[in-house]
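What follows is each chain in one-letter form.
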Amino acid sequence: MRGTLVSMYYEYGGGDRPTLHIFLRTERGKEHVAVESPIKPYFFCREKDEKVVEKAIESIGETHVIKTNRGFRTIDGYRAIRFELCNPKNVGSLRKRLDVPLYEADILFKNRVMIDVGLFSSIEVTAKRIRPISDQTPPLRVGYWDIECNDTRGFPAPERDEIVSIALVDSEGTAYFFCENSERKTIEKFLSKAKDFDVLVGWNSDNFDLPYLKKRCWKRKIDTTVLRSINFLDLEKMYKMNSRRDKEQWTLDFIAQEELGEGKLPRRGIMEMFRNDRKALRDYNVRDADLVRRIDQKESLELTRLACEIAAISGVFVEQTMQKTPMITSLVLREALKMDPRPVYKCAEKSEKKTKARGAIVLEPVPGIHENVIVLDFSGMYPSIAMSFNISHETMDPNGDIVTKKARFTSKFDGIYRRVLRDLFNKRKHYKDLMKKTPEKSPEHRLYDIKQRALKVLMNSFYGIAVRPGSRFFTIDVAESITLTGRFLLQTIKSFAEYLGAKVLYGDTDSIFIKIPISRDPQGLLEIANRFAAKITEEVRKVVASMGGDPRYISVSVDKLYKRILLMPRKKRYAGVLWYKDGQFTTKFDIVGFEAIRSDYPIITKRAQNELLVRIIVDRQKRNEVVDYVRGLRDEVLRGEHDTELVMSKGLAKELDKYAANAMHVRAARKYRQKVGTVPAKVPFVITAIVGGRPVVEPVVDWDKMPQISTAARKYYWEHLIYPNLKKILEAAGFGGIESRSASLFDFVKGGQA
């Protein structure tokens, strides 16, 4: 049987090794086959812990144990022994039972099979073997789903409230709706249809839909085995991972409005629709699932397609692509199997109390308004450093000829990290070159773009697992050889840019903002910027070569050009008019890091900040014009002309009754539930009065009937939630200290009459 690998799980019923249940997408549809596993589960321990481990293995009843004590060395320098068992569950059991460290004992058995057998997405399964194939196999079948639950007792709780309906939409837009008078029948009919799909995609489904469904199945004693044959993806998580900017909200309705120009249908009570208008419930439920589909399939996103490509390249299952560790573990261990001695890696651990590597450098911003600003990007800084300096555990050598800012490494052979990253790097370059040769809107161009994006994700994922304490790949010497060398090279870029006559305004991790003292149009500035980047790349490569590294992987390129930009004193906070971004000329207004993109501020704060930034940066208004705008806004707020814009909204991170603290949004949510009986995903509320110095809040249930806001509350809004944020912008723009230089504005800020 040949096909695209969908899912895999094992069963152990005794004997020498487990049985694998493998699900494939073939030309005939989704098929299942059960075969004996080609490998046995195994783990490693240090040679000095051999006797302790053997005694523990005897105590759990494992009898067919195979021990290999040659050719293994842990990344922290110990000779290691491999123990092969029969039952995969016993590997995890031993890890919990023993006080001595075990290695690679936390790798899921299905992933161990994938790695050791060399499987990727296309495979062949026979009664005697499983093997990878290079044939083109069918794409996975993708569906989009959403559940609705009984909401009459507040926010639905799976221990208490039943599932009322489930919507499922296939990739072509065909909808299936499951809504029976019995919850059991609703769920069973859904599962019967869902088993035909390979991937099911939801919105916030990892936190709500999927765990809710499982708990209701357990409560109703419904068999959930079918779920093991499906990959579940959460599009909200994937969207966040692939978004360059924070959003004001991450709700399905908000993102759909932003990406598609339309959102959810108006909400009515779920149980009211269930009892009196099933068609309305169907329309509401199906609309949610279809919005997920349409967002996912938007040409600029295609996130499920991206996940499938990442899985195919890294050799993991599609639902594992939302985590860095399984992907990088798969790539690294496949290379480790080729090494002698074979490097052995730790089990992943919680990292709260672990030693942390010294991280990236931040060059403090030069606050103010700047023109003709170039943003240079050190392309893939940390993966590039790992490749250039051959940084890997097995290449570390106190006498090595490659010198980083932490440890030395040898160039006598290529380390695992260099081999893995170089392969990804070369493949990505190949697909980017192919993109240049195909029409931009063609299917081929989109395919190559998906592939290069997938390779970029994998390269960038490497950094996180290499330097994060608790990662199986973390050692302080390897981590800091990467991060401290990155610091040094960014400082090198800064020094050379200043030597060339540029002023460095700001730098963070792998990017640097510089100002050229020459006025140019966009095209002229880009030409200068490209020459500048090429010169800096040349210089940095010389430095890398002088340290023994391979400079070919080092590249500094132009990321953005700003016609005019305002830098705030805090890092990662600026706004400006762009001239160039993502390889294209543009005139977009770019805002990064301001409260303008947070929903727990009043609506007017976000709007006023945007308007103030536009007045200062785009319109180039003078100080007196800006002050007049701020003064006028204050007077309007105190007169109540913006009461509808004083609404704030904030979501609940857990069930309402589990909150011990009595924060404003929690108090508002409790009042909302008292009035309506349910609690929305984000609770809209306003401050209506100040009593004893404490804000009194009321939920906004009906926007046509806003709660009455007192003058004291409006003053509180201005002094605590609106003006402080505007003042930061004024000060950064050079209008700071205006209270001491302008009596009228001083009176205005302090609440006197202007």
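Attention in this report is confined to the structure presented alongside it. Keep in mind that this is a model prediction, so the values were computed, not measured.

Focus on the overall build of the protein
- When you go through the protein residue by residue, the secondary structure sums to 22 helices and 29 strands.
- Taken over C-alpha atoms, the radius of gyration comes to 29 Å for the protein, in line with the 27 Å a tight globule of 754 residues would show.
- Counting every position in the protein, which comprises 754 residues, the buried fraction comes to 53%.
- Taking the intrachain contacts of the protein between residues at least 6 apart in sequence as the baseline, contacts between residues at least 24 apart amount to 66%.
- Surface exposure of the protein reaches about 34000 Å², of which carbon and sulfur atoms provide 48%.
- In the protein, 132 side chains carry a positive charge and 102 a negative one; their mean positions are 3 Å apart.

Some remarks on the side chain of Glu31
- Positionally, Glu31 belongs in strand S3 (residues 29–36).
- A polar contact is formed between the side chain of Glu31 and the side chain of Arg28, at a distance of 2.8 Å.
- Filtering out sequence-adjacent residues up to four positions away, Glu31 remains in contact with Met1, Ile22, Phe23, Leu24 and Thr26.

Thoughts on unusual backbone geometry
- Cis geometry is found at the peptide bond from Asp340 to Pro341, where omega equals 0 degrees.
- With respect to the helices and strands, the residue Pro341 is situated in the loop between helix H11 (324–336) and strand S16 (342–344).
- Its identity as a non-glycine residue notwithstanding, Asp582 has a phi of 55 degrees, on the positive side.
- By the element assignment, Asp582 lies in the loop between strand S24 (574–581) and strand S25 (584–585).

Here's the deal with the environment of Phe120
- Examined against the element boundaries, Phe120 turns out to sit in the loop between helix H3 (109–117) and strand S9 (122–125).
- Sequence separation of Phe120 and Asp702 is 582 residues, and the distance between their C-alpha atoms is 54 Å.

Re H3
- Counting buried residues in H3 gives 7 out of 9 residues, a clear majority hidden from the surface.
- Looking at the buried positions of H3, the neighbouring elements they touch are strand S1 (2–11), strand S2 (19–26), strand S4 (42–46), helix H2 (88–97), H11 and S16.
- Following H3 by one or two positions, Gly118 adopts a phi angle in the positive range, close to 80 degrees.

Some words on the side chain of Asp590
- When you line up the elements, Asp590 lands in strand S26 (residues 589–592).
- At 2.5 Å, the side chain of Asp590 and the side chain of Tyr562 are in polar contact.

Some words on the pairing of strand S14 (residues 199–202)
- The alternating pattern of S14 places Val199 and Val201 and Leu200 and Gly202 on opposite faces, both of which are buried.
- Sheet topology places strand S11 (residues 142–149) next to S14; 3 bridges connect them, and they run parallel. Paired with Tyr144 across the bridge in S14 is Val201.
- Pairing geometry for S14 and strand S15 (residues 231–234), over 4 bridges, is parallel. Across the sheet, Leu200 pairs through a bridge with Phe232, a residue of S15.
- Handedness of the S14-helix H5 (residues 209–220)-S15 crossover: right-handed.

Details of the pairing of S11
- With 8 of 8 residues buried, S11 is to be regarded as a mostly interior element.
- What you see with S11 is no split at all: Val142, Tyr144, Asp146 and Glu148 on one side and Gly143, Trp145, Ile147 and Cys149 on the other are buried throughout.
- When S11 meets strand S12 (residues 163–170), the two strands line up antiparallel, connected through 7 bridges. Residue pairing in the sheet places Ile147 in a bridge with Ile166 of S12.

Section: the nonpolar core
- Core analysis: the biggest nonpolar cluster contains 106 residues, and Val201, Ile295, Leu376, Ile514, Ile536 and Leu561 have the highest contact counts within it.
- Take this core: its biggest share by element is 10 residues, from helix H16 (residues 522–546).
- Look past the residues within four positions of Ile536 in its chain and what remains in contact with it is Leu376, Ile493, Phe496, Ala497 and Val556.
- Of all hydrophobic cores here, the second largest spans 46 residues; its members include Val626, Val679, Trp718 and Ala733.

Overview of the packing of helix H15 (residues 476–499) against H16
- The geometry of H15 relative to H16 is characterised by a closest axis approach of 10 Å and an angle of 130 degrees between their N-to-C directions. Taken together, H15 and H16 sit at an angle that is classed as oblique. In this structure, H15 crosses over H16, and the sense of that crossing is right-handed. Residues Phe488, Leu489, Thr492, Ile493, Phe496 and Ala497 of H15 touch H16, and the partners they reach there are Phe532, Lys535, Ile536, Glu539, Val540, Val543 and Val544.
- For the contact of H15 with H16, the residue count by class is 10 nonpolar, 1 polar and 2 charged.

So, the pattern of salt bridges
- Inspection of the entire model under this criterion finds 61 salt bridges.
- Between Arg293 and Asp290 there is a salt bridge, and its shortest N-O distance comes to 2.7 Å. Here Arg293 and its partner Asp290 are both found in helix H9 (residues 278–297), 3 residues apart, which amounts to about one turn of the helix.
- Linking Lys338 and Glu335 is a salt bridge whose minimum nitrogen-to-oxygen distance equals 3.1 Å.
- Note on Glu335: relative accessible area 14%, which makes it buried.

Section: the sheet that holds S14
- Strand order across the open sheet formed by 5 strands is S13-S12-S11-S14-S15, with mixed pairing between neighbours. Looking at the sheet topology across the chains shown, the edges are occupied by strand S13 (175–178) and S15. For this sheet the average axis-to-axis angle between neighbouring strands, irrespective of direction, equals 25 degrees.
- Those strands touched by H5 are S11, S12 and S15, and its axis lies near 65 degrees from that of S11.

Some words on the sheet that holds strand S7 (residues 80–84)
- Ordered by their spatial adjacency, 4 strands build an open sheet running S5-S7-S4-S8, and the pairing between neighbours is antiparallel. Each edge of the open sheet is held by one strand with a lone partner, namely strand S5 (66–68) and strand S8 (102–103).

Some thoughts on the environment of Asn624
- Counting through the fold element by element, Asn624 comes out in helix H18 (residues 623–638).
- Expressed as a C-alpha distance, the spacing of Asn624 and Ala732, which sit 108 residues apart in the sequence, is 16 Å.

As for the packing of aromatic side chains
- On inspection of all chains with the given rule, the structure shows 23 aromatic pairs.
- The interplanar angle of 85 degrees and the centroid separation of 5.7 Å between the aromatic rings of Tyr42 and Phe44 together place this pair among those described as edge-to-face.
- A relative accessible area of 5% means that Tyr42 is categorised as buried.
- For Phe44, a relative accessible area of 0% translates into the label buried.
- For the pair Tyr417 and Phe462, a centre-to-centre distance of 4.9 Å together with 75 degrees between the ring planes defines the contact as edge-to-face.

Side note on the state of the cysteines
- For the coordinates displayed, the defined rule picks out 0 disulfides.
- For the unlinked cysteine Cys179, the closest cysteine sulfur is that of Cys149, found at 12 Å.
- Residue class for Cys179 comes out buried when judged on its relative accessible area of 11%.
- We note that Cys347 lacks a disulfide partner, and the nearest cysteine sulfur, in Cys45, lies 12 Å from it.
- Judged by relative accessible area, Cys347 falls into the buried class, the value being 5%.

Details of the environment of Asn372
- Take Asn372: it is sitting in strand S18 (residues 368–378).
- Among the residues examined, Asn372 registers a relative accessible area of 10% and is labelled buried.
- A C-alpha to C-alpha distance of 14 Å links Asn372 and Phe532, two positions 160 residues apart in sequence.
- Setting aside its immediate chain neighbours within four residues, Asn372 contacts Ile514, Lys515, Ile516, Ile518, Ser519, Arg520, Leu525, Tyr562, Lys563 and Trp579.

What counts and how
Residues numbered from 1 in each chain as written. Predicted model: local features only at pLDDT ≥ 70, side-chain atom pairs only at ≥ 80, totals over all residues. Heavy atoms only, no water. Helix = DSSP H or I, 4+ residues; strand = E, 2+ residues; numbered from the N terminus. Rg over C-alpha atoms; globule rule 2.2 N^0.38 Å. Buried < 20%, exposed > 50% of the residue type's maximum accessible area, 1.4 Å probe, protein only. Contact = heavy atoms within 4.5 Å. Areas by Shrake-Rupley, 256 points an atom, 1.4 Å probe, with all protein chains shown as cover. Lys, Arg positive; Asp, Glu negative; His and termini not counted. Charge placed at Lys NZ, Arg CZ, Asp CG, Glu CD. Polar contact = N/O pair within 3.5 Å; in protein donor to acceptor, adjacent residues only side chain to side chain. Pairing = 2+ DSSP bridges. Right-handed = clockwise from strand over helix to strand, strands pointing away. Core = buried A, V, L, I, M, F, W, Y, C linked by side-chain atoms within 4.5 Å. Axes fitted to C-alpha atoms, helices over the stretch in contact; angles between N-to-C directions. Parallel < 35°, antiparallel > 145°, perpendicular 65-115°, else oblique. Left-handed = near helix turned anticlockwise from the far one by under 90°. Nonpolar A, V, L, I, M, F, W, Y, C, P; charged D, E, K, R; others polar. Salt bridge = Lys/Arg side-chain N within 4 Å of Asp/Glu carboxyl O. Phe/Tyr/Trp six-rings, centres within 6.5 Å; stacked < 30°, edge-to-face > 60°. Disulfide = S-S within 2.5 Å.

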